[in-house]
Amino acid sequence: MQLNRRDFLRSSFVGCSLAASPLITPVTFAATPGDHRLVVIILRGGMDGLDLLRPYGDPLLTQLRPTLAGGPDQGAHDLDGFYALHPVLAPLLPMWRAEELGFVQAVSTPYRDKRSHFDGQDLLEAGTETMAGVRDGWLNRMLQAVPSVTAETAYAVGRSDMKLLQGPVEVSNWSPDVSLGLSPVTEQLMTLVTESDPALHAAWQEAQVLAALDAEAQVTDRTARKGAHVKIAEFAAQRLAGEARVAAFSLGGWDTHSGQIRAMNRALGQLAEVLNTLKSGLGQSTWGRTTVVAVTEFGRTARENGTRGTDHGTGGLMILAGGTVRGGRVHGDWPGLQQGDLYQNRDLMPTRDVRAHVAWIMTGLMGINRATLEATVFPGLDMGDDPRLLL
Amino acid sequence: MRVFDPELAEIRFGFGLAPAVQPPARVDDMLNGLTGLDDMATRFPVETFDTFRARMVEIAETARIRRTMRGTPQAEAAKKRRNQLNAIARKDGLRWAGHMLLRQIWTPTAFRERLVGFWADHFTAHGKQGVSRRATSPYIEEAIRPNIAGNFADLLQAAVMHPVMLFYLDQTQSMGPGSVRGKKRKNGLNENLAREVLELHTLGVHGPYTQNDVQQLAELLTGLSFRPDLGFVFRKDFVEPGSETILGQTYQDAGDTTPIRAVLRNLARHPATARHLAQKLAVHFVSDTPDADLVKQLEATFNDAGGNLLALYEVLLNHPAAWQPTLQNVKPPLDFMASAMRSLAVPEEKLMRFGERKMRRVISRPLTAMGQQWQRPGGPDGWPEDDAHWITPQGIAGRVAWAMNAPEFILRVLPDPREFVATSLGRRASDLVHFAAASAENRPEGIGLVLMSPAFQRR
């Protein structure tokens, strides 16, 4: 084969390669499974729901949490006379007032007692009663029940492993902080070198397309040095505004054993940025058809510990956002903070299985029937009564 | 028909070509390399779990002091000591990771390291909490590495009864409902280990077992436990009384591990296990869709030789399908990284000079970006074998980013890309790759392009 460098550089490999990319060819998307968007955020580390959404109306709260319980008198935002939102979440107040932000209190997975992040997250993402024999995640099993799913329908965004999307249905995965940072020549040479291997070639071309989208977003938006969480939310919104219907990603920093005030300021600040970025990125009409669900592996101890933090607990908080949700209110039953009310006299008592709430959302959004949800998506779950989380 | 090819031996059954390491000259060299002195383990040591557990004992002691002497200076000192022990273990864990890579980079008997990887994945286990999270390499060093060329029954027993496995699959919590302890605690069986032994370790998911066999095996496995100060222990107070029947065979209580060893031996020799392992071995080493005759011969040999693993490898390495010249499987990220560093002859002192932060930057984080977090597969079924799992836009972008940047970061001075084509690809260097390497704008990208070529990505 005769090739010379100058000829090669004159040719336009990149131009052809983009058009040939299998994942961006329009015919792939003849049909899409409905119009609703579902975003699942896994809050890794055990998010302290009692700090995010403070039940300051219960006088026991300040006894249990001398430094962490501040109500409206200390900067928290009163929601309804009983609950106050963490001070740092001021940027989410407009969403709350628009009734596009809501909470479900005292939820948990069936995971109990060992309080390990690893096991807790595994079970949260598996959506099962135990881990025995489980090989896939509930969001992947949901996709199996949805018609016309393509590889573009669901995206796992970011670098962390999203086990809830693992399984037989093909999903896409991209981390927007990947910067190829190659010279144009090298990009073209990569295209050339991989040409003899169709699978490698296709994946490379798609990587270029995705990386170029990121680069473009960064050029048009001049806010310097955005955090990875914002890039992830922007990318998710961008995909969901197009062909994607489901996106999942992680948000970390919730394991607040000590110095919780500082740690929560940071983590909650990121959460607020993520939700607002999703909303603005999706635009009014798509946001109106979007449901964001944020869940965590477990809540934290009702009592503050000796190092101004909290330890691994049980009952936790689920966050709902989007134009589809019945927001501006706190759903679920409040178990109370008295000695006898707490689980093992230490944690908020879970009053409902978090999976039941997610299952009801799936029914509402995707029209998946109850039998499938209880048998396949969340095997063995009793969904109970409709908690009416959606409009 | 003998079609042995030294280059292919290194590429398909090892970690690729190495400029400074002589490839095996014949199949016997590869097989002898499995039973000879373990030079690599001596040169690049990794702690065994039996040594490692002393760390767990000391950390448990700090926890005891903190609990019983709350608020005293002793408790404060114990907390400091705990943090120190955790930091030491974290550093040691990274050193072991470096050593495991260096073995793959420098070994003259690369098939041995590949088999350690294969069986460590087949028997996936890792610690979940605290210092035990660093116990994965020690587990592999102790349970897997010494047993890769013996009988499968011994390997199975070493892995399944190992403390790290017992923890990973919740066996230490499992108690017979009728056991002394179970009656008192109202706790019950945990079927996790029993199920995975049948589904993953032996018979395979399509094997001839029922839920009843799973439960019976779970009852039989009760008592397998661990204490940091003693190592493996058998807890009679956890044992479900009475006999259990698994696959039609009844095992009587013996007050010790005798019936457990017996059932593992029988499962190891089961024809369904032979079928399962034959397929898995062929897929792992040869192709996602392996030659039917190769699988058949592996299965027959496993049955005839009673689980003798060396006999199994001999059949694999002497089968013509194993030497099909077209490269097949995509290297998983870890193997890609190791083979890249092998082709670049990364010296020990270059890799091991990095502190924690740089080790993460150059090894751990890129591996995660490529889709293979270090020693953390998604579940007990280990990493996927199918190429499609690894060739994704995200995975390829991760490989490109590493291939173009990491070699220079590690070595500082890179070889000439034009020469690197031949040292890394051998006879499989195509004109296209030569052209690309010569046309790159700079050395790092020239090297990266060679590493990203299909002849380097596949084996």
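Just so it is clear, the structure is predicted and the values come from calculations on it, not from any experiment. (Residues numbered from 1 in each chain as written. Chains lettered and ligands numbered in written order. Predicted model: local features only at pLDDT ≥ 70, side-chain atom pairs only at ≥ 80, totals over all residues.)

(A) Structural detail: the overall build of chain A. Broken down by element type, chain A carries 13 helices and twelve strands. Sorting the 391 residues of chain A into buried and exposed places 50% on the buried side. Taking contacts inside chain A between residues at least 6 apart in sequence as the whole, the part at least 24 apart equals 74%. (Helix = DSSP H or I, 4+ residues; strand = E, 2+ residues; numbered from the N terminus. Buried ≥ 20, exposed ≤ 12 C-beta atoms within 10 Å, placed from the backbone. Contact = placed C-beta atoms within 7 Å.)

(B) Expanded view of the overall build of chain B. Helix and strand content of chain B: 25 helices and four strands. Whereas a compact globule of 459 residues would reach a radius of gyration of roughly 23 Å, chain B reaches 24 Å, a difference of no more than 12%. Principal-axis analysis of the C-alpha atoms gives chain B an extent of 75 × 65 × 40 Å. Burial status across chain B gives 53% buried among its 459 residues. (Rg over C-alpha atoms; globule rule 2.2 N^0.38 Å.)

(C) Focus on helix α12 (residues 211-221) of chain B. All names here are of chain B. The buried count for α12 comes to eight of eleven residues, which makes it a mostly enclosed element. Contacts from the buried residues of α12 go to α11 (192-201), β1 (224-227), β3 (244-246), β4 (249-251) and α13 (258-268). After α12 finishes, the residue glycine 223 shows a positive phi value of roughly 110°.

(D) Broad picture of the interface of chain A and chain B. Residue-level contacts link 39 residues of chain A with 37 residues of chain B. When residues of the side of chain A that touches chain B are traced back to their parent elements, those giving at least two are α1 (5-10), α6 (117-126), β7 (172-174), α8 (184-193) and α9 (198-220) of chain A. When residues in the side of chain A that touches chain B are grouped by element, the largest group, eight residues, is from α9(A). Of the residues contributing to the side of chain A that touches chain B, the split by class is 22 nonpolar, nine polar and eight charged. (Nonpolar A, V, L, I, M, F, W, Y, C, P; charged D, E, K, R; others polar.)

(E) Focus on the sheet that holds strand β2 (residues 53-54) of chain A. All names here are of chain A. Spatial ordering of the open sheet is given by β2-β4-β3, a layout of three strands whose pairing is antiparallel. If you trace the sheet from one side to the other, it starts and ends with β2 and β3 (77-78), each paired once. Direction of pairing for β2 relative to strand β4 (residues 84-85): antiparallel, over a ladder of two bridges. Across the sheet, leucine 53 pairs through a bridge with leucine 85, a residue of β4. (Pairing = 2+ DSSP bridges.)

(F) Representation of the packing of helix α22 (residues 417-425) of chain B against helix α24 (residues 443-452) of chain B within the structure. Residues and elements named next belong to chain B. Interaxial distance between α22 and α24 falls to 9 Å at its minimum, and their mutual angle equals 25°. Here α24 runs roughly parallel to α22, going by the angle between their axes. For the pair α22 and α24, the crossing hand works out as right-handed. Counting all contacts with α22, which are made through Pro417, Phe420, Val421 and Ser424, the residues of α24 involved are Arg443, Gly446, Ile447 and Val450. Looking at side-chain class alone, the contact of α22 with α24 contains five nonpolar, two polar and one charged residues. (Axes fitted to C-alpha atoms, helices over the stretch in contact; angles between N-to-C directions. Parallel < 35°, antiparallel > 145°, perpendicular 65-115°, else oblique. Left-handed = near helix turned anticlockwise from the far one by under 90°.)

(G) View of α6(A). All names here are of chain A. The buried fraction of α6 is high, at seven of ten residues. Within α6, burial applies to Gly120, Gln121, Asp122, Leu123, Leu124, Glu125 and Ala126. The secondary structure elements touched by the buried residues of α6 are α7 (138-144) and β9 (290-296). One or two residues past the end of α6 sits glycine 127, with phi positive at roughly 75°.

(H) Molecular detail of the pairing of β1(B). All names here are of chain B. Direction of pairing for β1 relative to strand β2 (residues 231-234): antiparallel, over a ladder of four bridges. Looking across to β2, one finds that phenylalanine 226 is bridged to phenylalanine 232. Hairpin remark: β1 followed by β2, antiparallel, with three residues in the connecting loop.

(I) Representation of the nonpolar core in the model. One finds Ala236(A), Ala247(A), Met318(A), Leu320(A), Leu217(B), Leu298(B) and Ala436(B) to be the most contacted residues of the largest nonpolar core, which totals 245 residues. The leading source of residues in this core is helix α11 (residues 260-287) of chain A, at ten residues. Sequence-distant contacts of Ala247(A), defined by excluding residues within four places in its chain, comprise Val39(A), Tyr155(A), Val157(A), Ala236(A), Arg239(A) and Leu240(A). (Core = buried A, V, L, I, M, F, W, Y, C linked by C-beta atoms within 7 Å.)

(J) Quick peek at the pairing of strand β10 (residues 316-321) of chain A. Residue and element names in this part refer to chain A. Of all six residues that make up β10, six are buried, and the element is covered over most of its length. Burial along β10 is two-sided: Gly316, Met318 and Leu320 facing one way and Leu317, Ile319 and Ala321 facing the other are all buried. For strand β5 (residues 101-108) and β10, the ladder comprises five bridges, and the chain directions are antiparallel. Its bridge partner lying in β10, glycine 102 is registered against leucine 320. Here β9 pairs with β10 via three bridges, running antiparallel. Bridge pairing in β10 places alanine 294 opposite isoleucine 319.

(K) Spatial organisation of the confidence of the model for chain B. Across chain B, the average pLDDT comes to 95, with 100% of residues at or above 70. For this predicted complex, the interface score ipTM comes out at 0.91, alongside a pTM of 0.85. (pLDDT = per-residue confidence, 0-100.)

(L) Focus on the environment of Arg81(B). Within the secondary structure, Arg81(B) sits in helix α5 (residues 73-106). Sequence separation of Arg81(B) and Thr62(B) is 19 residues, and the distance between their C-alpha atoms is 7.2 Å.

(M) Main features of the packing of α22(B) against helix α23 (residues 431-439) of chain B. Residues and elements named next belong to chain B. At a minimum axis separation of 8 Å, α22 and α23 run at an interaxial angle of 145°. In the packing of α22 onto α23, the handedness of the crossing is right-handed. The segment α22 lies against α23, with Pro417, Arg418, Phe420, Val421 and Leu425 engaging Val433, His434, Ala437 and Ala438. Here the contact of α22 with α23 is composed, by residue class, of seven nonpolar, one polar and one charged.

(N) Molecular detail of the environment of Leu198(B). By secondary structure assignment, the location of Leu198(B) is in helix α11. Look past the residues within four positions of Leu198(B) in its chain and what remains in contact with it is Leu203(B), Gly207(B), Tyr209(B), Asp213(B), Val214(B) and Leu217(B).

(O) Fine view of the environment of Leu390(A). Mapping Leu390(A) onto the fold places it in the segment after α13 (370-377). As a C-alpha pair, Leu390(A) and Asp73(A) span 317 residues in sequence and 32 Å in three-dimensional space.

(P) Region of interest: unusual backbone geometry. Residue and element names in this part refer to chain A. One non-glycine residue with positive phi stands out, namely serine 148, at about 55°. Residue serine 148 is classed as exposed on the basis of its 12 C-beta neighbours within 10 Å. Positive phi, close to 55°, is recorded for arginine 308, a residue that is not glycine. Looking at the element boundaries, arginine 308 is found in the loop between β9 and β10.

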